[in-house]
Amino acid sequence: MAIKKFDTKALDLILEKMIETVGDSKDEIFRIGEQCRTDFESITNELKEIKRKVAQIINDGDKLDSQVRAARKRLSEVSKHFKDYTEGQVREAYEVAHKLQMDLTMNRQMEKQLREKRDDLERRLLGLNETIERADHLVSQISVVMNYMMSDIRQMGEALETAKQKQDFGLKIIEAQEDERKRLSREIHDGPAQMMANVMMRSDLIEKIYNERGSSEAISEIRNMKKMVRSALYEVRRIIYDLRPMALDDLGLVPTLKKYLQTIEEYHKTTKIQFTNIGEDKRLPAKYEVALFRMIQESVQNALKHADASVIQVKLEIKKDHVMVVIKDDGKGFDINDKKPESFGILGIKERVELLEGELSIHSKVGTGTLIIIQVPMNL
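Below: a short report on this structure. Here the structure is a predicted model, which means the values were calculated and not measured. (Residues numbered from 1 in each chain as written. Predicted model: local features only at pLDDT ≥ 70, side-chain atom pairs only at ≥ 80, totals over all residues. Heavy atoms only, no water.)

## Concerning the side chain of Thr370
Heads up, the condition is: Only runs of H or I of at least four residues qualify as helices and only runs of E of at least two qualify as strands under DSSP, and these elements are numbered from the N terminus. Polar contact criterion, stated in full: a pair of N or O atoms within 3.5 Å, where within protein one must be able to donate a hydrogen and the other to accept it, and residues adjacent in sequence count only if both atoms are side-chain atoms. The contact criterion used is simple: two residues touch if any of their non-hydrogen atoms lie within 4.5 Å.
Here Thr370 lies in strand β5 (residues 370-377). At a separation of 3.0 Å, a polar atom in the side chain of Thr370 contacts the side chain of Ser364. Dropping the residues within four chain positions of it, Thr370 is found in contact with Ile327, Lys328, Asp329, Gly333, Phe334, Ile362, His363 and Ser364.

## Here's the deal with the sheet that holds strand β4 (residues 359-364)
This is how it is decided: At least two DSSP bridges between two strands are needed for those strands to be called paired. To get an axis, a line is fitted to the C-alpha atoms, and for a helix only the part in contact is used. The angle between two axes follows their N-to-C directions and goes from 0 to 180 degrees.
Across the sheet, five strands lie side by side as β1-β2-β3-β5-β4; this open sheet has mixed pairing. Edge positions in the sheet fall to β1 (272-277) and β4, since each has one partner strand and no second. The mean angle between the axes of side-by-side strands here comes to 10°, regardless of whether they run parallel or antiparallel. With six bridges joining them, β1 and strand β2 (residues 311-318) adopt parallel strand pairing. In the sheet register, Gln274 faces β2, and the bridge partner there is Gln313. Strand contacts of helix α7 (residues 253-267): β1 and β2, with the helix running at about 170° to β1, the strand carrying the most contacts. In the packing of helix α8 (residues 286-307) onto the sheet, the strands contacted are β1, β2, β3 (322-329) and β5, and the crossing angle to β3 comes to about 10°.

## With respect to α8
Selection rule: Here, expected helix span is obtained from the residue count minus one, scaled by 1.5 Å. Residue burial is assigned from relative accessible area. The probe radius is 1.4 Å, only protein chains are included, and a residue is buried under 20% of its type maximum, exposed over 50%, and partly exposed in between.
Look at α8: 31 Å from first C-alpha to last across 22 residues, which is about the 32 Å you get at 1.5 Å a residue. The buried count for α8 comes to 17 of 22 residues, which makes it a mostly enclosed element. Following α8 by one or two positions, Asp308 adopts a phi angle in the positive range, close to 55°.

Any functional reading would require information beyond the geometric quantities listed.
What follows is the structure in structure tokens.
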């Protein structure tokens with residue numbers, strides 16, 4: 001079937017509108033996540049105070065219960081030997097027993113209200129955390145397309161020579177979006193969702209632990225819950241950092257790469273990432289910094305996801321007339337002659353290299369790791 005030619009200018013206008021719309025949506029979702037995070041911290045502090053009050057009122061209730069039993073014993077003794085006591089002593093015994101019983105009833109009622117409020121706050125925290133996770137993962141999904149739009153999609157019409165290439169690339173974007181949704185769904189189910197479900201189960205056990213084993217073990221259980229929530233928040237912030245580090249605009253490529261690779265290494269505890277800058281530490285034009293950062297990011301992520309690498313080496317050399325990047329891993333490698341369809345990540349790296357008029361070479365064999373070399377001329 002013949003493929004009609006597209007008006008590339010009209011396509012560029014459509015893509016620009018897409019960038020604007022997607023960018024606005026991403027910002028709005030991010031603001032929702034930030035507001036939920038603020039509410040989460042506020043409710044966490046309120047929950048901490050409520051739990052303190054619950055512990056205090058339980059302690060007070062135990063004391064009142066002992067006093068009520070003593071008062072009832074005294075009242076029983078007075079009733080049994082009624083003639084041996086004056087009218088004032090009898091009245092006092094009844095009044096003391098009645099007052100203590102009322103105080104205990106009020107204590108139990110207050111304890112019930114505080115427990116209900118505590119449970120409500122915990123449910124709200126769970127809902128807020130789910131909203132934060134969904135918002136951040138939606139931003140992550142949007143970033144799959146934004147990564148290829150923000151810096152160079154306006155030039156896509158010139159880079160893709162035919163409508164067939166445009167259609168194929170668009171289909172790969174859609175395919176990558178679906179793959180990203182599946183991956184995020186798995187991450188939510190296996191990570192934060194399981195973690196928060198465990199938190200809810202543990203929260204239900206705290207009262208039982210307190211009553212059966214004492215306050216020290218209950219407090220220890222609460223600390224474990226806090227660690228789990230902190231881990232979930234760390235995962236959320238890592239995803240946000242992956243989207244676009246603010247330091248890239250403020251500090252430049254080299255400091256941002258150092259921080260990013262250090263953060264990724266801390267998260268993937270089984271993989272060591274070594275970064276070496278052997279050239280000049282200077283600022284580059286924004287389009288170069290964004291493109292180089294994304295290419296290194298994609299290469300490192302590929303090594304982490306697919307190569308099972310234990311060591312990843314990243315070397316950056318900035319000179320007056322060119323920039324060279326070398327990414328090497330000791331993973332399982334792959335057969336470069338295998339005619340499988342190219343992954344979206346590799347295709348994205350090639351597109352960026354071509355737009356910067358650079359060169360890309362990939363060397364790999366099964367069992368020997370992978371070496372990626374990127375060289376970009378500085379056409380300033």
